[in-house]
Amino acid sequence: DTYHSSSDYQDAGHWGSGRQHDFGPWGKDHPTEVTSTAPETTETTSAPPPKTTVVYEETTPVKHVEARPRSHGAAHAQGAHESHEAHEAHQGQDHEAPEVKDEKDEKEKEKGTVSPAAQKETYEDFTERVKNSMSEDASRHEIFSAHRDAWLEMLQWQQVSGCPAQMMGKDVANGQALDSIPHVLSAAVCQRLCTERAGCDVSAWGEVRNRPGLTNVCFLKSTNGPAQFKDHPGVVSSMACCRAGEDSKCPEVVRDADLHTDDSLPPQPGVGSLEECQQLCTQNPRCNAFTWGADRNSPGLTDVCFMKTIAEGNAPRVLEKPGVVSGLPCGCRAPVEHALWPQNEVELFKMPEPGSPQPAEVGSAYCVILMRAYTYETSLLQLQFNQRKGVFACPGYDVFSNQEMILADGLKTKKIRSSQMCEVGGEFKTALNLRIFAAFWKEVFTRKDYMNYNWLVKADADTVFFYHRLPGLLQEYEDRASSPSGEGVYFNNCKFGMHGPLEVFSQNALLALQGHFTDCYFYFRKLCSGDCHWGEDLWVDQCLKRRANETISRVNKYGLLEEQHCDPEEDWDSCENPHKVAFHPFKSESAWQRCMQNAGG
């Protein structure tokens, strides 16, 4: 795939409280222009990178900033429209919301002081200062880091706020208009604006591109009774997230993870469910987090609710521990700082302990994709799902993303804890997406769904993949897929080394990767005297090749993938070679469909 460096994030959006900036995950052209994926911890280095733009080990806590378009979000746009259609009728008009002065800022100005939000510099001032004070590469990294940190704050706010899934292609049918806010550049921000607006029950955001009056407009609505939804292509609707005191709405939990906090309350035995433990924590004003013993037949752990306290300004550490589930109290009591997020790279690369092989049906495959929300990938996956093509032809499949989204009836993404943003660098000038995929693999390993299949296939959204061509290639290796011996196999799909658009692993190879993930992290940091600056595909290939080679075989299968970046044959993108399992990349719906049809799919 082709990835953009940090300089490509300068689109148009909001960065921080009270600041309207021309870049960010809310960028004007982000849904179509930003290609992605990224650092995963809540810590970042303040030191600029060397000559090449890279992602570094993050060691300094992120300074949390508000990440919502306050310049347009706090203001009430005049003349809120009754519907998207009515709003689109004003295509030629200026939809800028009037400036609204913050009373607190005004009072502080009278006293001779200005609040921190009012002191925030503009994007232009920020970039000018950064570019004048450091090298081009260092300034690019600094701008990227600010962009990433603002998005991380949004993701962590979502986590503590129990946000319902966003619904692609849906609009609220029984909503009454409260406001319409332009220049809101993701459904996540729109959902947050609704949550922070009294009386708002549901938001609708214009995802479709180049539609004045709809593109990047956030519609805030109230409903009389339960919200009802109707199909509306190009619109993403969301119910409001949790508000203070709404004890029925609860933050996300993390499985196979314990929490290290400042202190604990007396443990409560005999708590028969996760939900009961979370409610006990919610009802105790001293409880800031909890861990529940989900493992069966473990005295002192099974059905014990461990309630914990967190000192002001501190954050919980998430530690891998099988058989427990951890979370935060309901009712929006938890601040953003309490988000259950990796605090450093060691936590990020620490995976749950692998289990034993579970023999599965011959030829069975679990196919997964990591999707970037608010990009062309969402519509590509909707197309594939509706046709049951690509990964959706597999016996089992899932789509992962840092946003929980209902892409279609029967298809909801599974969340990972990652910004899904990265920089470009290293020897091959590729996307340094390892930390993103560390978060992805952690979720795959924790959920354990892959244990029900002999094979796992990881594909990109823009890969044209023919599942029915795969079992024939796998047949001779089935005896090493999930056998109790632990012997396994994975495939090198390119003469230059394994490429990420289509990765195929046997169950035993995945178990080996899970078991060696942390070991490989330390091994490669020592080998490279720091970060190797590799992408996920190279790192995984080298991890299995170097650390798991006693039981896991690396087999060259160049017939798996025909792709632009692996010396393809002439006219490769006609997709007419019947021996190839997949072709890559095809980023538009028309190009993807044309490749599928040319191949007879």
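Structure: above.
Note that the structure is predicted; figures quoted are calculated from it, not measured.

Visitor: Explain the pairing of strand β24 (residues 488-492) here, please?
Guide: Regular strands place their side chains on alternate faces of the sheet. The buried fraction of β24 is high, at five of five residues. Because side chains alternate across β24, one face comprises the buried residues Gly488, Tyr490 and Asn492, and the other comprises Val489 and Phe491, equally buried.

Visitor: Explain the state of the cysteines here, please?
Guide: In a disulfide, the sulfur atoms of two cysteines are held together by a covalent bond. Taken as a whole and judged by the stated rule, the model has eleven disulfides. Note on cysteine connectivity: Cys367 is disulfide-linked to Cys394, with sulfurs 2.0 Å apart. Residues Cys367 and Cys394 share a disulfide whose torsion about the S-S bond is about -80 degrees; that sign makes it left-handed. Of this pair, Cys367 sits in strand β15 (residues 365-370) while Cys394 sits in the loop between α11 (376-387) and β16 (396-401), placing them 27 residues apart in sequence. Owing to a relative accessible area of 5%, Cys394 belongs among the buried residues under this scheme.

Visitor: Just checking my understanding: could you explain helix α15 (residues 536-547) for this structure?
Guide: Each α-helix turn comprises 3.6 residues. Residues three or four places apart therefore point the same way. Its twelve residues give α15 an end-to-end C-alpha distance of 16 Å, which sits within 8% of 16 Å, the value for a rise of 1.5 Å per residue. Residues Glu536, Trp539, Val540, Asp541, Gln542, Cys543 and Leu544 constitute the buried set of α15.

Visitor: Explain the packing of α11 against helix α16 (residues 589-598) here, please?
Guide: Axis angle and axis distance: for two packed helices, these are the angle between their axes and the distance between the axes, and together they describe the pair. Interaxial distance between α11 and α16 falls to 9 Å at its minimum, and their mutual angle equals 35 degrees. When you trace α11 past α16, the crossing you get is right-handed. Each of Ser379, Leu380, Leu383, Gln384 and Gln387 in α11 lies in contact with α16, whose residues at this interface are Glu589, Trp592 and Gln593. Broken down by class, the residue content of the contact of α11 with α16 amounts to three nonpolar, four polar and one charged.

Visitor: Whenever I open this one, the sheet that holds strand β10 (residues 254-260) confuses me. Can you help?
Guide: Two modes of strand pairing occur in sheets, parallel and antiparallel, and in both the strands are linked by backbone hydrogen bonds. Pairing is antiparallel in the open sheet, where five strands are placed in the order β10-β14-β12-β13-β11. What marks the edges here is a single partner per strand, and that holds for β10 and β11 (263-264). With two bridges connecting them, β11 and strand β13 (residues 305-309) associate as antiparallel partners. For Ser264, the partnering residue across the bridge sits in β13 and is Lys308. Contacts from helix α9 (residues 274-283) reach β10, β12 (289-293), β13 and β14 (317-327) within the one sheet, and its direction differs from that of β12 by about 150 degrees.

Cut-offs applied
Residues numbered from 1 in each chain as written. Predicted model: local features only at pLDDT ≥ 70, side-chain atom pairs only at ≥ 80, totals over all residues. Heavy atoms only, no water. Buried < 20%, exposed > 50% of the residue type's maximum accessible area, 1.4 Å probe, protein only. Helix = DSSP H or I, 4+ residues; strand = E, 2+ residues; numbered from the N terminus. Disulfide = S-S within 2.5 Å. Expected span 1.5 Å × (residues − 1). Axes fitted to C-alpha atoms, helices over the stretch in contact; angles between N-to-C directions. Left-handed = near helix turned anticlockwise from the far one by under 90°. Contact = heavy atoms within 4.5 Å. Nonpolar A, V, L, I, M, F, W, Y, C, P; charged D, E, K, R; others polar. Pairing = 2+ DSSP bridges.

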